[in-house]
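Examining the three-dimensional arrangement
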Amino acid sequence: MGFQPPAALLLRLFLLQGILRLLWGDLAFIPPFIRMSGPAVSASLVGDTEGVTVSLAVLQDEAGILPIPTCGVLNNETEDWSMTVIPGAKVLEVTVRWKRSLDWCSSNETDSFSESPCILQTLLVSASHNSSCSAHLLIQVEIYANSSLTHNASENVTVIPNQVYQPLGPCPCNLTAGACDVRCCCDQECSSNLTTLFRRSCFTGVFGGDVNPPFDQLCSAGTTTRGVPDWFPFLCVQSPLANTPFLGYFYHGAVFPKQDSSFEVYVDTDAKDFADFGYKQGDPIMTVKKAYFTIPQVSLAGQCMQNAPVAFLHNFDVKCITNLELYQERDGIINAKIKNVALGGIVTPKVIYEEATDLDKFITNTETPLNNGSAPRIVNVEEHYIFKWNNNTISEINVKIIRAEINAHQKGIMTQRFVVKFLSYNSGNEEELSGNPGYQLGKPVRALNTNRMNNVTTLHLWQLAGRGLCTSATFKPILFGENVLSGCLLEVRINENCTQLRENAVERLDSLIQATHVAMRGNSNYADLSDGWLEIIRVDAPDPGADPLASSVNGMCLDIPAHLSIRILISDAGAVEGITQQEILGVETRFSSVNWQYQCGLTCEHKADLLPISASVQFIKIPAQLPHPLTRFQINYTEYDCNRNEVCWPQLLYPWTQYYQGELHSQCVAKGLLLLLFLTLALFLSNPWTRICKAHS
């Protein structure tokens, strides 16, 4: 068994010594050992550094001879090395540097890549106090000739190739400039002799340079891919690899400009002006200054984007939460000019203003300071945009802004609402259809109230905010096909009048159904009551004046209406171009009552209790017509029943039957005749048919 090299043995001793000294609070180098591969390294000497001297020495690692450190002699440099010491608070920063230029390595090496290090030495840094050694730092120097530090990086600007014609990252594993990266076979800086050393261990996949693989239709790809069909050689493409439709894994093809904080976000000068070619659905609306027309919108992460572009034919209704201390009014709404080539070039929005009536719905957690004589400021709480469109152009823009006047130094949280609607240019009103003719899922249920002049309305549910009280709750429309449950809380005191409580609960629940009729279809005419309007059936409507005798006790009330159930019957009414049309057959409302009792803790305090009231919506789908009775064949021969077996022979020609509604019947017949023609041609051109013809001739 041979002895260990002296440097390795000395390293083990210094590591053990450094750990023990650090635990005892004596002088110690952190770290006690450094493997050096560059021109400079640093370490820290911690402990009581007052009166400590640091020396540097080069160890001669001779076999069988353990070098003895010299302490007490101040030596800050050698022939090739220098050392600097920077004092600090109970710490000394020690830096060791190579005095010569690293180009000396490349000048002494004939090959650009050498397997042995250019500089291989062992340095010892010693810290002594009163001529006695206190701590040691061992530095193992291994510097290679191909180190990236020996090559100065070019200061020229990197030229990024056109991503459409050349992949942006042809060799991702090429990480070192001017040097060969081991196992990177696509690195052009590796010589052929060096590449043979790691040819069998090259990086694979995208990191190894496979950024431009052959496309599947290439004939050469069939020789390396398993599972290639037999007809592949007949339909494959002979083409060079340079002529490939694959643009690379790193191709993105889009450049996003930096967004500005103003109302209009100026885009890059090379951005495509969609208004010149007419808008398509989803295209951003442009202004005459070649900028996006922006309105605040909510992102997928729930954040409010202040400068989000408005997409053509994309409706939205969002709410943004803003701190009044950070609120800044957006400019440019009145002066914004939309580019429209087809109608003379410019469309200017028509803006009208309204004053907000109830600020508590928009501003919460308010802190109004004392009046200091400063002028009030105006904030926008709601903005409604209506775009009139004609084909692929915008013909008119109407804007309604609801403003509120607040104190200039008022604090609180403000909820802003932004609504965008796109309507056809020939629409007589701003009412949006819920379908044509049947209802669409997610559209509001259309309603009508014949007891008032402005009879257009809809069915509502509560949308809570803050503590969930009914006094601060807002309304949201009932959407077709969505079963929803919502509610709010009523504040009730121990001496509450039961009759007044019933009236209050009924009033809150009735506020959700301020309608007498609902539309049977999504396009029913509001002006014609006979155009598919159904009267709402109200069941078990409570009598608020009825007061049972038992409810005279304080803190207890009987038969309090606390739940409103809305049941809507729907059914399929046919199909238009293969799309199923749904309609409403009836609407029923029903109240449910509960017995309320004041909940006391250890003592009944004079504070309000909370009574929850709720409303639920349930869509019940019923068959449009009674199902046909089973035939004797379906009863006796169950193996031919399509609902019980995987193989359905009666539906072999299903695309040509009346039950298939995926596309028009005429298209199905045309495609079937075309398929029959191909089968006939294949039959005539087949080998058996040719033999029959030759036999007859």
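Residue positions are counted from 1 within each chain, in the order its sequence is given. Local features are withheld for residues below a pLDDT of 70 in this predicted model, meaning they are given only at 70 or higher, and side-chain atom pairs are given and counted only at 80 or more; totals for whole chains, interfaces and linings count all residues. Excluding hydrogens and water, the side-chain figures rest on all heavy atoms present in the structure.

- If you check an unreviewed UniProt entry, the chain appears there as Tectonic family member 2 from Pan paniscus.
- UniProt positions are given in the numbering used here, feature names are shortened, and annotations may be inferred rather than shown by experiment. In its Subunit (unreviewed entry) section, the UniProt record describing the chain reads: "Part of the tectonic-like complex (also named B9 complex)."
- Entered under Sequence similarities (unreviewed entry) in the UniProt record, the comment concerning the chain runs "Belongs to the tectonic family."

Focus: the overall build of the chain
- Helix and strand counts for the chain come out as 8 helices and 31 strands.
- For the exposure calls, accessible area comes from a 1.4 Å probe over protein chains only, and a residue counts as buried if that area is under 20% of its type's maximum, exposed if over 50%, partly exposed in between. Relative to its 697 residues, the chain shows a buried fraction of 35%.
- The criterion used for residue contact is that any of the two residues' heavy atoms lie within 4.5 Å. Expressed as a percentage of contacts within the chain between residues at least 6 apart in sequence, the contacts between residues at least 24 apart total 64%.
- Surface accessibility in these figures is a Shrake-Rupley result with a 1.4 Å probe; residues are shielded only by whichever protein chains are displayed. Accessible surface, the chain as shown: approximately 43600 Å² in total, 54% of it carbon and sulfur. Helix and strand definitions here come from DSSP, where helices need a minimum of 4 consecutive H or I residues and strands a minimum of 2 consecutive E residues; each element is numbered from the N-terminal end.

Structural notes on the nonpolar core
- In these notes, a set of buried Ala, Val, Leu, Ile, Met, Phe, Trp, Tyr and Cys residues joined through side-chain atoms within 4.5 Å is what counts as a nonpolar core. Counting residues in hydrophobic clusters, the biggest one holds 43 residues, and the most contacted among them are Leu 459 and Ile 584.
- Residue assignment for this core shows that the elements contributing at least two residues are strand 21 (446-448), strand 23 (460-463), strand 25 (484-492), helix 5 (498-510), strand 26 (517-519), strand 29 (556-576), strand 30 (579-597) and strand 31 (609-621).
- The biggest single contributor to this core is strand 29, with 7 residues.
- For Leu 459, the residues in contact, after removing those within four places along its chain, are Val 445, Ala 447, Lys 476, Pro 477, Ile 478, Leu 512, Ile 513, Ala 515, Val 518 and Ile 536.

What to know about the environment of Phe 480
- On the secondary structure map, Phe 480 appears in the loop between strand 24 (474-477) and strand 25.
- When the C-alpha atoms of Phe 480 and Phe 619 are compared, they prove to be 8.0 Å apart, with 139 residues separating the residues in sequence.
- Among all residues touching Phe 480, those that are not within four sequence positions of it are Tyr 439, Gln 440, Leu 441, Gly 442, Lys 443, Val 445, Ile 570, Gln 582, Ile 584 and Phe 619.

What about the environment of Lys 339?
- One can find Lys 339 in strand 14 (residues 338-340).
- When the C-alpha atoms of Lys 339 and Lys 289 are compared, they prove to be 8.5 Å apart, with 50 residues separating the residues in sequence.

Section: a nonpolar patch on the surface
- Residues enter a patch when their relative accessible area is above 30% and they make no salt bridge; the linking distance is 9 Å between like charges and 5 Å between nonpolar side chains (Val, Leu, Ile, Met, Phe, Trp, Tyr). When a carboxyl oxygen of Asp or Glu lies within 4 Å of a side-chain nitrogen of Lys or Arg, that pair is called a salt bridge. Nonpolar side chains collect at one region of the surface, where Val 647, Trp 649, Leu 652, Leu 653, Trp 656, Val 669, Leu 673, Leu 675, Leu 676 and Leu 679 lie side by side and expose about 1000 Å² of accessible area between them.
- By the secondary structure assignment, Leu 652 is in the loop between helix 6 (632-636) and helix 7 (665-684).

Quick notes on the sheet that holds strand 8 (residues 132-143)
- Whether two strands pair comes down to DSSP finding at least two bridges between them. Pairing within the open sheet is mixed, and its 4 strands lie in the order 2-8-7-4. Bordering the open sheet on either side are strand 2 (33-36) and strand 4 (53-59), each of which pairs with just one other strand. Neighbour to neighbour, the strand axes of the sheet diverge by 20° on average, direction disregarded.
- Bridge analysis of strand 4 against strand 7 (residues 119-129) gives 7 bridges, and the strand direction is antiparallel. Paired with Ala 57 across the strands is Leu 124, a residue of strand 7. For every element, the axis is a line fit to its C-alpha atoms; helices are fit only across the contacting stretch, and the angle between N-to-C directions ranges from 0 to 180 degrees.

Quick look at the environment of Cys 173
- Along the chain, Cys 173 falls in the loop between strand 8 and helix 3 (192-195).
- Taking the C-alpha atoms as reference, Cys 173 lies 8.5 Å from Arg 183; in sequence the two are 10 residues apart.
- The residues contacting Cys 173, other than those within four sequence positions of it, are Asp 181, Cys 184, Cys 186, Phe 203, Phe 207 and Gly 208.

Description of the confidence of the model for the chain
- Confidence scores labelled pLDDT are given residue by residue by the predictor and lie between 0 and 100. Per-residue pLDDT for the chain has a mean of 76; in total, 74% of the residues score no lower than 70.
- Below a pLDDT of 50 lies the segment residues 109-113, which in the model reaches 6 contacts outside its immediate sequence neighbourhood of four places, other chains included.
- Across residues 147-156, where pLDDT falls below 50, the model places 13 contacts with residues more than four positions away in sequence or in other chains.

A look at helix 5
- Each residue after the first adds 1.5 Å to the expected span of a helix. Between its terminal C-alpha atoms helix 5 stretches 18 Å, which fits the 18 Å expected from 13 residues at 1.5 Å a residue.
- Listed as buried for helix 5 are Cys 498, Thr 499, Leu 501, Arg 502, Ala 505, Val 506 and Leu 509. Seen along its axis, helix 5 keeps its buried residues to an arc of 160°; they face one direction.
- Considering only its buried residues, helix 5 is in contact with strand 23, strand 25, strand 29, strand 30 and strand 31.
- Polar contacts here mean pairs of N or O atoms no more than 3.5 Å apart (in protein, one a potential hydrogen donor and the other a potential acceptor; neighbouring residues in sequence count only if both atoms are side-chain atoms). The opening residue of helix 5, the one whose side-chain oxygen lies 3.0 Å from the backbone nitrogen of Thr 499, is Asn 497. Picture the helix axis, draw a direction to every C-beta atom, and the arc is the one those directions span.

Some thoughts on the pairing of strand 3 (residues 40-46)
- Strand direction decides the pairing type here: strand 1 (residues 28-30) and strand 3, joined by 3 bridges, are antiparallel. Along strand 3, the bridge assignment pairs Ala 28 with Val 46.

Concerning the state of the cysteines
- For this text, the term disulfide refers to a pair of cysteine sulfurs within 2.5 Å. Under the counting rule described, the total for this entry stands at 8 disulfides.
- Here Cys 219 pairs with Cys 236 through a disulfide, and the sulfurs are 2.0 Å apart. Where Cys 219 bonds to Cys 236 through sulfur, the torsion about that S-S bond is close to 90°, and the disulfide is right-handed. Of this pair, Cys 219 sits in the loop between helix 3 and helix 4 (232-235) while Cys 236 sits in the loop between helix 4 and strand 9 (265-266); the two residues are 17 residues apart in sequence, bridging distant segments of the chain.

Quick look at the pattern of salt bridges
- Enumeration according to the criterion identifies 8 salt bridges in this entry.
- Linking Arg 590 and Glu 588 is a salt bridge whose minimum nitrogen-to-oxygen distance equals 3.5 Å.
- Classification of Arg 590 as partly exposed rests on a relative accessible area of 29%.
- Glu 588 gets classed as buried once you look at its relative accessible area, which sits at 18%.
- Put simply, Arg 567, Glu 588 and Arg 590 are held in one network by salt bridges that share partners.

What about the packing of aromatic side chains?
- Planes of paired rings set the category: under 30 degrees apart is stacked, over 60 is edge-to-face and the rest tilted, where pairs are Phe, Tyr or Trp rings (Trp by its six-membered ring) whose centres lie within 6.5 Å. Applying the stated criterion to the full structure yields 10 aromatic pairs.
- Note on Phe 387 and Phe 422: the rings are 4.8 Å apart at their centroids and 15° apart in plane angle, and the pair reads as stacked. Of the two residues, Phe 387 sits in strand 18 (residues 377-390) while Phe 422 sits in strand 20 (residues 411-424), which places them 35 residues apart along the sequence. The pair formed by Phe 387 and Phe 422 is uniform in burial state, with each residue classed as buried.
- Here the aromatic residues Tyr 279, Phe 293, Phe 312, Tyr 385, Phe 387 and Phe 422 are joined through ring pairs into a cluster of three or more.
- Here the guanidinium or amino end of Arg 183 rests over the ring plane of Phe 203, the centre of that ring lying 4.4 Å away.
- Throughout this description, the term charge over a ring refers to an Arg CZ or Lys NZ atom that lies within 6 Å of the ring centre and within 35 degrees of the ring normal. Here the guanidinium or amino end of Arg 403 rests over the ring plane of Tyr 353, the centre of that ring lying 4.3 Å away.

Describing the sheet that holds strand 22 (residues 456-458)
- An order of 22-21-26-27 is seen for the 4 strands of this open sheet, with the pairing classed as antiparallel. Whereas interior strands pair on both sides, the edge strands pair on one side only; in this sheet they are strand 22 and strand 27 (533-535). With strand direction ignored, the average angle separating the axes of adjacent strands in the sheet is 40°.
- The pairing of strand 21 with strand 26 spans 2 bridges and is classified as antiparallel. Paired with Leu 448 across the bridge in strand 26 is His 517.

What to know about the pairing of strand 2
- Burial of strand 2 is one-sided: the residues Ile 34 and Met 36 facing one way are buried, the residues Phe 33 and Arg 35 facing the other way are not.
- In the sheet, strand 2 pairs with strand 8 via 4 bridges, with the strands oriented parallel. Looking at strand 8, one finds that Phe 33 is bridged to Leu 138.

Looking at the side chain of Ser 128
- Here Ser 128 lies in strand 7.
- Residue Ser 128 is classed as buried on the basis of its relative accessible area, which comes to 3%.
- Separated by 2.7 Å, the side chains of Ser 128 and Thr 53 make a polar contact.

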